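Okay, here's what each chain looks like letter by letter:
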Amino acid sequence: RFCAEAVLRGADIFVKGILCADAGIVESEEVAVYSSLPRSNGTKSKPITRGMLLQNYCDRCVFIGIGISQCKRADYFATSSGTGVVMVSTAGSPQPPMNGVLVAKM
């Protein structure tokens with residue numbers, strides 16, 4: 001959630017902020033960026049482990065924007081610093097922090 005909020009306010013994504021990614025991502029590839037959402041019915045979501053393959057993700061998410069990958073997928077999870085995705089566009093104009101906003105609607 002915190003990474004998504006920062007992206008909506010204009011930030012790029014550091015490799016530590018990437019939890020899940022498609023297996024075929026390569027450097028300089030255009031990628032879609034999503035943020036996971038908590039379940040609205042109060043049940044626990046399956047935890048996302050860092051490095052999870054995208055095809056194993058089965059919960060709710062929201063589109064955040066489009067970016068350019070700065071490295072291949074394996075490097076997202078093998079390094080602990082650096083930029084993973086440079087954002088090209090976000091869903092709408094830069095947004096304010098989402099702390100507690102519409103919690104009942106998610």
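Here the structure is shown first, and the text comes after it.
Just so it is clear, the structure is predicted and the values come from calculations on it, not from any experiment.

**Quick word on the overall build of the chain**
Here is step 1 of the chain: A count of helices and strands for the chain gives two helices and six strands.
Here is step 2 of the chain: Taken from the N to the C terminus, the helices and strands of the chain come in the order α-β-β-β-β-β-α-β.
Here is step 3 of the chain: Of all 106 residues assigned to the chain, the portion counted as buried reaches 25%.
Here is step 4 of the chain: Of the contacts made within the chain by residues no fewer than 6 positions apart, 74% connect residues no fewer than 24 positions apart.
Here is step 5 of the chain: Split by element, the accessible area of the chain, about 6700 Å² in all, is 58% carbon and sulfur.

**Focus on the sheet that holds strand 1 (residues 13-14)**
Here is step 1 of the chain: Spatially, the four strands line up as an open sheet ordered 1-6-5-3, and their pairing is antiparallel. Because the sheet does not close on itself, it has two edges, and the strands there are strand 1 and strand 3 (30-36).
Here is step 2 of the chain: Summarising the sheet, strand 3 and strand 5 (residues 61-69) pair through seven bridges and their orientation is antiparallel. Directly across from Val33, in strand 5, lies its bridge partner Gly65.

**Notes on empty space enclosed by the protein**
Here is step 1 of the chain: Tallied over the entire structure, the rule returns one cavity of 30 Å³ or more.
Here is step 2 of the chain: The volume enclosed by the largest cavity comes to roughly 30 Å³.
Here is step 3 of the chain: Lys46, Ile48, Met52, Tyr57, Cys58 and Asp59 are the residues that line the largest cavity.
Here is step 4 of the chain: When grouped by side-chain class, the residues that make up the lining of the largest cavity number four nonpolar, no polar and two charged.

**Some details on the pattern of salt bridges**
Here is step 1 of the chain: Applying the stated criterion across every chain yields a total of one salt bridge.
Here is step 2 of the chain: Linking Arg9 and Glu5 is a salt bridge whose minimum nitrogen-to-oxygen distance equals 4.0 Å.
Here is step 3 of the chain: For Arg9, a relative accessible area of 43% puts it in the partly exposed group.
Here is step 4 of the chain: Taking relative accessible area as the criterion, Glu5 reaches 4% and is therefore assigned buried.

**A short note on unusual backbone geometry**
Here is step 1 of the chain: For Ser28, which is not glycine, the phi torsion reads 70° and is therefore positive.
Here is step 2 of the chain: With respect to the helices and strands, the residue Ser28 is situated in the loop between strand 2 (20-21) and strand 3.
Here is step 3 of the chain: Residue Ser28 is classed as exposed on the basis of its relative accessible area of 55%.

Here is what the cut-offs are and how they apply
- Residues numbered from 1 in each chain as written.
- Predicted model: local features only at pLDDT ≥ 70, side-chain atom pairs only at ≥ 80, totals over all residues.
- Heavy atoms only, no water.
- Helix = DSSP H or I, 4+ residues; strand = E, 2+ residues; numbered from the N terminus.
- Buried < 20%, exposed > 50% of the residue type's maximum accessible area, 1.4 Å probe, protein only.
- Contact = heavy atoms within 4.5 Å.
- Areas by Shrake-Rupley, 256 points an atom, 1.4 Å probe, with all protein chains shown as cover.
- Pairing = 2+ DSSP bridges.
- 1 Å grid on protein atoms, 1.4 Å probe; cavity = no way out; pocket = protein on both sides within 12 Å on 5 of 7 lines; lining within 4 Å.
- Points joined across faces, edges and corners; volume = space filled by probe spheres on them.
- Nonpolar A, V, L, I, M, F, W, Y, C, P; charged D, E, K, R; others polar.
- Salt bridge = Lys/Arg side-chain N within 4 Å of Asp/Glu carboxyl O.

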